Amino acid sequence: MRVEEWRSQSKRGTLELCILLMIEKRERYGYELISELEKRPVLAAKESTIYPLLRRLLGEGLLSSCWRESAEGLPPRKYYSLTNTGQTYLQTISAVWEDLSAAIQEIKEA
C-alpha cells in the first residue's frame, strides 16, 4: 500500500535525527536506543535498521564509540557519542527539521 511506503521513507531521516538527539543528551548503546524508540510506536525500529544506521554514522565521522563493561555483569556494551562533526551536523538538520515542521504547519493552517 502506498501509505506504508510513504511512512517508511519519511521514517528513515526521522530516525537518524532522533538517534542523534538521544545521543546528544548522553552516551547510549544500541539496545538502549532501540528500547527508547519503542516507547514511541511510530518511531519503533528493529535492530536490522538501527545497527546499520549507527555503523553508517560512525563511518561518516558523526559518532564515536567505545566498549564498556556492564555493571550488572553482562557482556560489554558499545556506547556511542557525538563527535564535533556530529554535533554540527545535528544542529544543521535540527534547524532543517524546524523549518520543515513550521512550513507544514503553515500549510495545514492556510
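If you're wondering where the values come from, they're calculated on a predicted model, not measured in any experiment.

**Student:** Quick question: what am I supposed to make of the nonpolar core here?
**Tutor:** Most often, soluble globular proteins have nonpolar side chains that are buried together. Of all hydrophobic cores here, the largest spans 22 residues; its most connected members are Ile19, Ile23, Leu37, Leu54 and Leu63. Counting residues per element, the ones that place at least two in this core are α1 (2–25), α2 (30–38), α3 (47–59), β3 (77–82) and α4 (84–109). The biggest single contributor to this core is α1, with seven residues.

**Student:** What am I meant to see in the sheet that holds strand β1 (residues 28–29) here?
**Tutor:** On the basis of which strands lie adjacent, the open sheet formed by three strands has the order β1-β3-β2 and antiparallel pairing. In this open sheet, the two edge strands, each paired with only one partner strand, are β1 and β2 (63–68). Note that β1 and β3 share two bridges and pair antiparallel. Bridge pairing in β3 links Tyr29 to Tyr79.

**Student:** Help me understand the layout of surface pockets, please; the structure alone is not making it clear to me.
**Tutor:** A probe as big as a water molecule, rolled over the atoms, marks out the empty space that is left. Of the pockets and cavities examined, the largest pocket occupies roughly 170 Å³. Lining the largest pocket are Trp6, Arg7, Ser10, Lys11, Thr14, Val42, Leu43 and Trp97. Among the elements that make up the lining of the largest pocket, the one with the highest residue count is α1 (five residues).

**Student:** What is the right way to look at the environment of Leu62 in this model?
**Tutor:** Along the polypeptide, Leu62 turns up in the loop between α3 and β2. Sequence separation of Leu62 and Ala110 is 48 residues, and the distance between their C-alpha atoms is 38 Å. Once residues lying within four places of it in the same chain are set aside, the contact partners of Leu62 are Leu57, Ser81, Leu82, Thr83, Thr85, Gly86 and Tyr89.

Thresholds, definitions, all that
Throughout this description, residue numbers start from 1 for each chain and increase along the sequence as written. Since the coordinates come from a predicted model, pLDDT governs what is reported: local features require at least 70, and pairs of side-chain atoms require 80 or more to be given and counted, while whole-chain, interface and lining totals use all residues. Hydrogens and water are ignored here; the side-chain numbers use all heavy atoms of the structure. We define the nonpolar core as a collection of buried residues of types Ala, Val, Leu, Ile, Met, Phe, Trp, Tyr and Cys that are connected through side-chain atoms lying within 4.5 Å of one another. Here the term buried applies to any residue with accessible area under 20% of the maximum for its type, exposed to any over 50%, and partly exposed to those in between, with areas from a 1.4 Å probe on protein chains only. Only DSSP runs of H or I with at least four residues qualify as helices, and only runs of E with at least two residues qualify as strands; both kinds are numbered from the N terminus onward. A pair of strands is treated as paired once DSSP finds two or more bridges between them. Cavity and pocket criteria rest on a 1 Å grid covering protein atoms alone: a 1.4 Å probe that fits but cannot get out defines a cavity, protein on both sides within 12 Å along at least 5 of 7 lines defines an open pocket, and an atom within 4 Å of a point defines a lining residue. Grid points are joined across faces, edges and corners, and a volume is the space filled by probe spheres set on the points. Contacts are assigned to residue pairs with any non-hydrogen atoms lying within 4.5 Å of each other.

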